[in-house]
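Breakdown of the fold
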Amino acid sequence: MQMYIVLGLLIFMIVMFFTHKVPYGVTTMTCCVILALTGIFDVQTAFSGLANKTTILIASMFTVAYAFGKTSLINKVRASMERIKEKSGFAFISFLFIVTIILAQLMGRTAIISIIALFLVSLDDRDEICASRMVFAAFAVMAAWSLKVPVGLGATMSATANAYYEGIINNPELMLMPGDFLKVSLLPAVALTVYALFAWKFISKNKINTADVKEVKETAAISPRDERIINLVFIGVLLGFVFGSKIGNLMYVIPAAGVLVLIYTKALTTKETVNSLTGDMVWMIAGVLVMSDAIGKSGVGDMIGNGLLVILGDNPSGLVVLFVFAVTTIVMTTFMSNTGTAAVLTPIAASLSMVAGMDPRGIVLIINIASIMAIAFPSGSTECALAFAIGQHEPGKLLKFTIPYLLIAVVTLVISASIFFPVYPA
C-alpha cells in the first residue's frame, strides 16, 4: 500500500509540475503532508527537507546572489555596452555574448533577459543587428552557459541535482560535485555560442516590446559600505566552494554565515532577506528531497527502473540511454517548465541506474543541462516566455534557428557526458 501511495504522489507531482496551476513549492509540500498523514513518514521525517543541508545551502546562495546583484557591477556593464553600442557586426555581438556569459554565472536567468533587453532597447528595429534578434541570440547563449561555473547561484546546481535523487542512490561517490556541470556542459556551451555567432540572422526581425521588462534601477542608492560588505561576503562564499573538498561540510555553512553577516550589518533589509530565503525554489527542493527518499524506500524506484529497462531492452547502449534522456528532456520541457522536467526525470533516471548498474551522473547531468537548453517554445520557462515576449517572436518562425540549436545541444551533450561520466563504468 505504501508503494501505491508514493507512486500516486509521484504521478500527482508530475501532473502538477506539468500544469503548473500552483507554485512548485506548494505541490511538493502537499506531498510531504500526505506522507505524514498516511504514516509513510513521521512528521519529523516528512518535513526533514526544510532542515537539510542542501536546502539551507540553496536558500543561502539565493540570498547572497540577490545581494550581489545590487552592486555596481550591473551599472558598469551597462556603461561598457553604451561605449560599444556604436560598433556593429561581429565585435558587438561577441561583446554582447561575453557579457551574457558573465552575467549567467552570477544571477537568475529572468533578470538577465530584462537587463540585456534594456541594454539593447535603443537598437534600430530596421537594422540587421536589431534588438529582437539580439535579445533572443543572447538568450540562447545564456541557456547554454547558465550557472555552469560553480560561483554565485552556479554553486547550487550540483546540490540541486543531487537533491532530486540522493534518496534513491545512496553511494556518495555517485553524487555530483560542483565542477561536474562545467565539465559536461563546456563542449555544448562553446558549440552553441559559435553557432549563435553565425546563425543569429535566422532569428526573425520584429519590433521589440519592453512592456514586460522590469526596469533595472541604478544601484547608486547602495552605500559604499554595503557594497564592500556584499562583495566580501560573495568572495568568502566563493572561496568556500573553491576549497570545498578540503573543508567538507563547512562548505554548506559558509553561505548561511554570509547571510547572517548581511542581516547583522543591514546590507540587506529584513524583507529582502525573508523573500530570498523563502522563495518557491527553496520549498520545492525541500519537498523533492523527501519525495526522493520516499521513492527509494517504498520500492517505487525499483518498479520504475525495471519498467524502463523493459522499454529500452536488455543491456541498452550507454549512448542510446543518454540520447533518449536528452531528447525526452527537451520534449518534456516543451510542455512543462525546465525546473519541473528536471525534478521529474532525475529520480526516474536514478531509478533506472540503480536497477541496471549504471552510473547515474551522466544521465542526471544531461537532464538538468538539456532542460535549460530547451528554448524552442515559450512554455519552457519564465525566462523563455520573456525572451519570446520581448522580441514578439512566434515559435514557428524561429525553427530555422532553434532546431539546429537543439540538435547541436543533444549531440554535444551526449558526447561530452559519455566522455566524463560513461553510463557503464569500466
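One can find the structure itself at the top, above this paragraph.
Note that the structure is a prediction, hence the values are computed from the model and not measured. (Residues numbered from 1 in each chain as written. Predicted model: local features only at pLDDT ≥ 70, side-chain atom pairs only at ≥ 80, totals over all residues. Heavy atoms only, no water.)

Remarks on the environment of Ser 371
If you trace the backbone, Ser 371 turns up in helix α19 (residues 360–373). Taking the C-alpha atoms as reference, Ser 371 lies 9.4 Å from Ser 381; in sequence the two are 10 residues apart. Aside from chain neighbours lying at most four places away, what touches Ser 371 is Thr 329, Thr 333, Asn 338, Ala 342 and Ile 366. (Helix = DSSP H or I, 4+ residues; strand = E, 2+ residues; numbered from the N terminus. Contact = heavy atoms within 4.5 Å.)

Some words on the pattern of salt bridges
Inspection of the entire model under this criterion finds six salt bridges. Of the charged contacts, one joins Lys 205 and Glu 128 as a salt bridge, the two residues approaching to 3.7 Å between their closest N and O atoms. Placement of the pair is Lys 205 in the loop between α10 (180–199) and α11 (224–242) and Glu 128 in the loop between α7 (109–120) and α8 (131–145), with a sequence separation of 77 residues. The class for Lys 205 is partly exposed, based on a relative accessible area of 32%. Given the relative accessible area of 40%, Glu 128 is considered partly exposed. (Salt bridge = Lys/Arg side-chain N within 4 Å of Asp/Glu carboxyl O. Buried < 20%, exposed > 50% of the residue type's maximum accessible area, 1.4 Å probe, protein only.)

Observations regarding α8
The terminal C-alpha atoms of α8 lie 21 Å apart, and with 15 residues this matches the ideal 21 Å at 1.5 Å per residue to within 8%. Most of α8 is tucked away, with 15 of its 15 residues classed as buried. Phi turns positive one or two residues past the end of α8, at Leu 147, with a value near 55°. (Expected span 1.5 Å × (residues − 1).)

Some thoughts on the packing of α8 against helix α21 (residues 399–420)
Between α8 and α21, the least distance of the axes is 12 Å, while the angle of their chain directions is 15°. Comparing their axes, α21 and α8 come out roughly parallel. In this structure, α8 crosses over α21, and the sense of that crossing is right-handed. In this structure, α8 contributes Phe 136, Ala 140, Ala 143 and Ala 144 to the contact, and α21 contributes Phe 401, Thr 402 and Tyr 405. For the contact of α8 with α21, the per-class residue count stands at six nonpolar, one polar and no charged. (Axes fitted to C-alpha atoms, helices over the stretch in contact; angles between N-to-C directions. Parallel < 35°, antiparallel > 145°, perpendicular 65-115°, else oblique. Left-handed = near helix turned anticlockwise from the far one by under 90°. Nonpolar A, V, L, I, M, F, W, Y, C, P; charged D, E, K, R; others polar.)

Some details on the packing of helix α9 (residues 157–165) against helix α18 (residues 338–356)
The geometry of a pair of packed helices is captured by two quantities: the angle between their axes and the separation between those axes. Contact pair α9 / α18: the axes reach a minimum separation of 8 Å and the direction vectors enclose 55°. Relative to α18, the element α9 is oriented oblique. As for how α9 packs across α18, the hand of that crossing is right-handed. Across the interface between the two elements, Ala 161, Tyr 164 and Tyr 165 of α9 pack against Thr 339, Ala 342, Ala 343, Thr 346, Pro 347 and Ala 350 of α18. Within the contact of α9 with α18, the residues separate by chemical class into seven nonpolar, two polar and no charged.

A word on a nonpolar patch on the surface
Residues Phe 90, Leu 186, Val 190, Val 194 and Phe 198 make up a contiguous nonpolar surface patch of about 490 Å² in total accessible area. Position of Val 190 relative to the elements: it lies in helix α10. (Patch = residues over 30% accessible without salt bridge, like charges linked within 9 Å, V, L, I, M, F, W, Y side chains within 5 Å. Areas by Shrake-Rupley, 256 points an atom, 1.4 Å probe, with all protein chains shown as cover.)

These figures capture arrangement, not role.
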